[in-house]
Amino acid sequence: MVAVIIVGASFYMLDYSLAPNPDRADIALSYRQQFEDYPESRQWVDSLRSVGALRDTFMVMPSGERHHAFYVDRGSRRTAVVLHGWRDSAVKFFWLARIYEYCLGYNVLMPELHACGQSEGSAIQMGWKDRLDVMHWMRAFQTDSMVVHGVSMGAATAMTLSGEQMPTGIKDIRFVEDCGYTSVWDEFAYQLREQFSLPPFPLMYSTSLLCKLRYGWSFAEGSPLEAVSRCSHPMLFIHGSADTFVPTRMVYSLYAAKPGEKQLWVAPGSEHARSYRDHKAEYIERVRTFCL
């Protein structure tokens, strides 16, 4: 009976954690939410549309799945890769794309990660296998200088990517992670305790094993902390001081693990993924100073 309960609970927890957003195909809803939360992005999007600069792009991944991205070509030799959060879409992060295109003059590539937005897939990958998809996008849109900037799960994607060998020919590459977690295991164990008042054993172990059997990866594999320890490129760490979804303490472990050039900004009073909303001018200036 105990085994049956654990197995059933494991299936529930895996689907609860990795199921795509049921509204993922509702692009109009994503636009409404984006413009309500970040009104400044409406004029930017309208201006891009008026000249046909906001392009829908589809590409087949090595897995055979068809993934979607938005792309804005400024004719620049610098490109920003903007990565969205958990169960989100690229549209909801136009506020971040605007910083790079409008404020800094970058081309902007906005991939929608596996099982998010218009990209195919049956389960979210928490940034782990997503790193390989993002690498595929980077090779296709490569320029002399590139910055990969992710928020939440997108930050975890950026960090896991940072530990890989970068495509040859990129002269300068930088990473910005905003409120990313140390590992999938750490984040899920934290949420299991916070939301369900349960310890890691046995459910974390059984659910991680189930994830390995169904999707080919385990929670322990998805470790931004381990990846940043191998990163030789500059990285900017951003986290809100009042983040209780991905606890603020995680950024200090990540920052300590990163060798070489790095910067840290803990945004005063900001909750999860709200550092820009609360401190717009400073957020833009810190990104500008780091990237230019």
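The model shown is predicted, which means the values in this text are computed figures rather than measured ones. (Residues numbered from 1 in each chain as written. Predicted model: local features only at pLDDT ≥ 70, side-chain atom pairs only at ≥ 80, totals over all residues. Heavy atoms only, no water.)

### With respect to the overall build of the protein chain
From N to C terminus, the protein chain includes twelve helices and eight strands. In terms of overall size, the protein chain behaves like a compact globule, its C-alpha atoms giving a radius of gyration of 18 Å where 292 residues would be expected to give roughly 19 Å. When the backbone C-alpha atoms are referred to their principal axes, the protein chain occupies close to 65 × 40 × 40 Å. The contacts of the protein chain with a sequence gap of at least 6 include a subset with a gap of at least 24, amounting to 75%. Of the accessible surface of the protein chain, which amounts to about 12300 Å², a share of 54% is contributed by carbon and sulfur atoms. Taken as two groups, the 29 positive and 32 negative side-chain charges of the protein chain have centres that lie 3 Å from each other. (Helix = DSSP H or I, 4+ residues; strand = E, 2+ residues; numbered from the N terminus. Rg over C-alpha atoms; globule rule 2.2 N^0.38 Å. Contact = heavy atoms within 4.5 Å. Areas by Shrake-Rupley, 256 points an atom, 1.4 Å probe, with all protein chains shown as cover. Lys, Arg positive; Asp, Glu negative; His and termini not counted. Charge placed at Lys NZ, Arg CZ, Asp CG, Glu CD.)

### What about the pairing of strand E4 (residues 107-111)?
For a regular strand, the rule is simple: side chains alternate between the two faces of the sheet. With five of five residues buried, E4 is to be regarded as a mostly interior element. Going residue by residue along E4, you find Asn 107, Leu 109 and Pro 111 tucked away on one face and Val 108 and Met 110 tucked away on the opposite face as well. In terms of strand pairing, strand E2 (residues 66-72) meets E4 through four bridges, oriented antiparallel. Across the sheet, residue Phe 70 finds its bridge partner in E4, namely Met 110. Pairing geometry for strand E3 (residues 78-83) and E4, over three bridges, is parallel. Bridge assignment links Ala 80 to a residue of E4, and that residue is Val 108. Between the parallel pair E3 and E4, the chain is carried across by helix H4 (residues 94-103), and the sense of this crossover is right-handed. (Buried < 20%, exposed > 50% of the residue type's maximum accessible area, 1.4 Å probe, protein only. Pairing = 2+ DSSP bridges. Right-handed = clockwise from strand over helix to strand, strands pointing away.)

### Some words on the sheet that holds strand E1 (residues 54-60)
Strand order in the open sheet made by the eight strands is E1-E2-E4-E3-E5-E6-E7-E8, with mixed pairing throughout. The two strands at the open ends of the sheet, each matched to only one other strand, are E1 and strand E8 (262-267). The average angle at which neighbouring strand axes cross in this sheet is 20°, direction not considered. Pairing between strand E6 (residues 172-178) and strand E7 (residues 235-240): four bridges, direction parallel. Within E7, the position partnered with Glu 177 by the bridge is Phe 237. Here helix H5 (residues 130-140) sits on the sheet and contacts E1, E2, E3, E4, strand E5 (145-151) and E6; the angle it forms with E1, its principal contact strand, is near 120°. Here helix H10 (residues 249-257) sits on the sheet in contact with E6, E7 and E8, set at roughly 170° to E8. (Axes fitted to C-alpha atoms, helices over the stretch in contact; angles between N-to-C directions.)

### Side note on the side chain of Asp 144
If you trace the backbone, Asp 144 turns up in the loop between H5 and E5. A polar atom in the side chain of Asp 144 sits 2.4 Å from the side chain of Arg 77. Apart from the residues lying within four places of it in its own chain, the contact partners of Asp 144 are Arg 77, Ile 170, Lys 171 and Asp 172. (Polar contact = N/O pair within 3.5 Å; in protein donor to acceptor, adjacent residues only side chain to side chain.)

### Details of the nonpolar core
Of all hydrophobic cores here, the largest spans 52 residues; its most connected members are Met 126, Met 138 and Phe 175. Looking at this core, the element that brings in the most residues is helix H6 (residues 153-162), giving five residues. Setting aside chain neighbours within four positions, we find Met 138 in contact with Val 81, Met 146, Val 148, Leu 161, Met 166, Ile 170 and Ile 173. Val 45, Ala 53, Val 176 and Leu 236 belong to the second largest nonpolar core, which has 40 residues in total. (Core = buried A, V, L, I, M, F, W, Y, C linked by side-chain atoms within 4.5 Å.)

### Quick notes on the packing of helix H1 (residues 2-18) against helix H7 (residues 184-196)
One can describe the packing of H1 onto H7 by two numbers: an axis separation of 13 Å at closest approach and a directional angle of 105°. Viewed along their axes, H1 and H7 adopt a mutual orientation that is roughly perpendicular. Contacts between H1 and H7 involve Met 13, Tyr 16, Ser 17 and Leu 18 on the former and, on the latter, Phe 188, Leu 192, Gln 195 and Phe 196. Class assignment of the residues belonging to the contact of H1 with H7 gives a composition of six nonpolar, two polar and no charged. (Parallel < 35°, antiparallel > 145°, perpendicular 65-115°, else oblique. Nonpolar A, V, L, I, M, F, W, Y, C, P; charged D, E, K, R; others polar.)

### Things to note about the packing of aromatic side chains
Here the structure, examined in full by the defined rule, presents 21 aromatic pairs. With centroids separated by 4.9 Å and ring planes inclined at 75°, the aromatic side chains of Trp 185 and Tyr 205 adopt a geometry described as edge-to-face. With Trp 185 in helix H7 and Tyr 205 in helix H8 (residues 203-215), this residue pair connects regions lying 20 residues apart in the sequence. Judged by its relative accessible area of 48%, Tyr 205 falls in the partly exposed class. The ring of Tyr 31 is capped by Arg 49, whose NZ or CZ atom sits 4.6 Å from the centre of that ring. Above the plane of the ring of Trp 128 lies Arg 131, whose end atom (NZ or CZ) is 3.8 Å from the centre. (Phe/Tyr/Trp six-rings, centres within 6.5 Å; stacked < 30°, edge-to-face > 60°. Lys NZ or Arg CZ within 6 Å of the ring centre and 35° of its normal.)

### A look at the pattern of salt bridges
What the rule picks out here adds up to 14 salt bridges. Linking Glu 40 and Lys 280 is a salt bridge whose minimum nitrogen-to-oxygen distance equals 3.2 Å. Within this pair, whereas Glu 40 is found in helix H3 (residues 40-50), its partner Lys 280 is found in helix H12 (residues 280-291), the two being separated by 240 residues in sequence. On the basis of relative accessible area, Lys 280 is assigned to the partly exposed category, the value being 31%. Asp 172 serves as the salt-bridge partner of Arg 174, at 3.0 Å between the closest nitrogen and oxygen. Since its relative accessible area comes to 27%, Asp 172 is described here as partly exposed. (Salt bridge = Lys/Arg side-chain N within 4 Å of Asp/Glu carboxyl O.)

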